[in-house]
Amino acid sequence: LAMPATSPCLMRPLARPKTMWYMLPAPHTPLDPAATPVPPPTPLADDMLACKSVEQLVVAVACFSGYAVPDVVLSARDRLIASLSEAGVELADGVAVEGLLLAQYNELFALPWARENEVWLQVRPETVAG
């Protein structure tokens, strides 16, 4: 399965154990919510890999470049939380720690200045303005 650079590698960096997953591109993850997704390919290592569907999320995103080391990720999270608070947007329950998602869009050996990362925090949809 070819994975375009627009498909992030997602990780919950503060959860134990850490988990990592990839969003499969269309047609496995259709852009149209009314479209039926194509089933993913069967993993070759069933004992280590699993394909699961996740429920739709409403997230706030903060972008940053460079290496996604813990202090940089937590700093981006804290800035995002402060911005959301100023805007009156509420986080979903328990999101600031266990729900923190790190999205990375890089090839394994990408140089630091070419690395694109995002911190995602799930928010309460009813608190997001139009």
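Chains are numbered independently. Their residues run from 1 in the order of the written sequence. Reporting in this predicted model follows two pLDDT cut-offs: at least 70 for local features of residues, and 80 or more for side-chain atom pairs to be given and counted; totals over whole chains, interfaces and linings ignore these cut-offs and use all residues. By convention in this description, side-chain values take in all heavy atoms of the structure and omit both hydrogens and water.

A few points about the overall build of the protein chain
For the protein chain, the helix and strand inventory stands at one helix and five strands. Starting at the N terminus, the α and β elements of the protein chain follow one another as β-β-β-α-β-β. By its C-alpha atoms, the protein chain is 45 × 40 × 25 Å across when sized along the principal axes. Expressed as a percentage of its 130 residues, the buried residues of the protein chain come to 28%. The helix count covers DSSP runs of H or I at least four residues long, the strand count covers runs of E at least two residues long, and both are numbered beginning at the N terminus. Only protein chains enter the accessibility calculation, which uses a 1.4 Å probe. A residue is then buried if its area is under 20% of the maximum for its type, exposed if over 50%, and partly exposed in between.

Quick notes on the nonpolar core
Across soluble globular proteins, nonpolar side chains show a tendency to be buried alongside one another. In plain words, nonpolar cores are sets of buried Ala, Val, Leu, Ile, Met, Phe, Trp, Tyr and Cys residues tied together by side-chain atoms within 4.5 Å. Among the nonpolar cores identified, the biggest contains 15 residues, and Phe 64, Val 73, Leu 80, Leu 84 and Val 119 are the most heavily contacted of them. Every element with two or more residues in this core is listed here: β3 (59-65), α1 (70-87) and β5 (116-122). At four residues, the largest contribution of residues to this core is made by α1. Contacts were defined at the residue level, with two residues in contact if any of their heavy atoms lie within 4.5 Å. Sequence-distant contacts of Val 73, defined by excluding residues within four places in its chain, comprise Pro 13, Phe 64, Ala 68, Leu 100, Leu 102 and Val 119.

Things to note about the sheet that holds strand β1 (residues 9-11)
The strands making up a sheet associate through backbone hydrogen bonding, with each pair oriented either parallel or antiparallel. Strands were regarded as paired on the criterion that DSSP finds at least two bridges between them. Taken together, the five strands give an open sheet; going across it, the order is β2-β1-β4-β5-β3, and neighbouring strands pair in antiparallel fashion. Among the strands making up the open sheet, the edge pair consists of β2 (20-22) and β3. Across this sheet, the average inter-strand angle for adjacent strands is 25°, counted without regard to direction. Sheet topology places strand β4 (residues 101-104) next to β5; four bridges connect them, and they run antiparallel. The partner of Leu 101 across the bridge, within β5, is Trp 120. Its contacts with the sheet put α1 on β3, β4 and β5, and the angle it makes with β3 is roughly 135°. Every angle, taken between N-to-C directions, lies between 0 and 180 degrees, and every axis is a line fitted to C-alpha atoms, over only the stretch in contact when it is a helix.

So, the side chain of Thr 127
Secondary-structure assignment places Thr 127 in the segment after β5. Two N or O atoms count as a polar contact when they lie within 3.5 Å, although within protein this holds only if one can serve as hydrogen donor and the other as acceptor, and sequence-adjacent residues are included solely when both atoms are side-chain atoms. Reaching out from Thr 127, the side chain makes a polar contact with the backbone nitrogen of Glu 90 at a distance of 3.0 Å. Apart from residues lying up to four places away in sequence, Thr 127 is in contact with Gly 88, Val 89 and Glu 90.

Structural notes on the pattern of salt bridges
By definition here, a salt bridge exists when the distance from a side-chain nitrogen of Lys or Arg to a carboxyl oxygen of Asp or Glu is within 4 Å. Summed over all chains, the structure comprises four salt bridges. A salt bridge links Asp 78 to Arg 77; its shortest N-O distance comes to 3.0 Å. Residue class for Asp 78 comes out partly exposed when judged on its relative accessible area of 41%. Note that Glu 126 and Arg 124 form a salt bridge whose closest N and O atoms lie 4.0 Å from each other. Note on Glu 126: relative accessible area 60%, which makes it exposed. Residue classification places Arg 124 among the partly exposed residues on the basis of a relative accessible area of 26%.

Considerations on a nonpolar patch on the surface
Only residues whose relative accessible area exceeds 30% and that form no salt bridge enter a patch; like-charged residues are grouped when within 9 Å of one another, and nonpolar side chains (Val, Leu, Ile, Met, Phe, Trp, Tyr) when within 5 Å. The Shrake-Rupley method, run with a 1.4 Å probe, gives the accessible areas here. Residue values count only the displayed protein chains as cover. Residues Tyr 67, Val 69 and Val 72 make up a contiguous nonpolar surface patch of roughly 240 Å² in combined accessible area. With respect to the element layout, Val 69 can be found in the loop between β3 and α1.

Brief notes about unusual backbone geometry
Put simply, Arg 16 and Pro 17 share a cis peptide bond, and its omega is -5°. Among the structural elements, Pro 17 can be located in the loop between β1 and β2.

Some points on the pairing of β3
Covered by surrounding structure in β3 are Ala 60, Ala 62 and Phe 64 only, the residues Val 59, Val 61, Cys 63 and Ser 65 on the alternate face being uncovered. Summarising the sheet, β3 and β5 pair through seven bridges and their orientation is antiparallel. Across the sheet, the residue bridging to Ser 65 is Glu 116, located in β5.

Taken by themselves, the reported measurements are silent on function.
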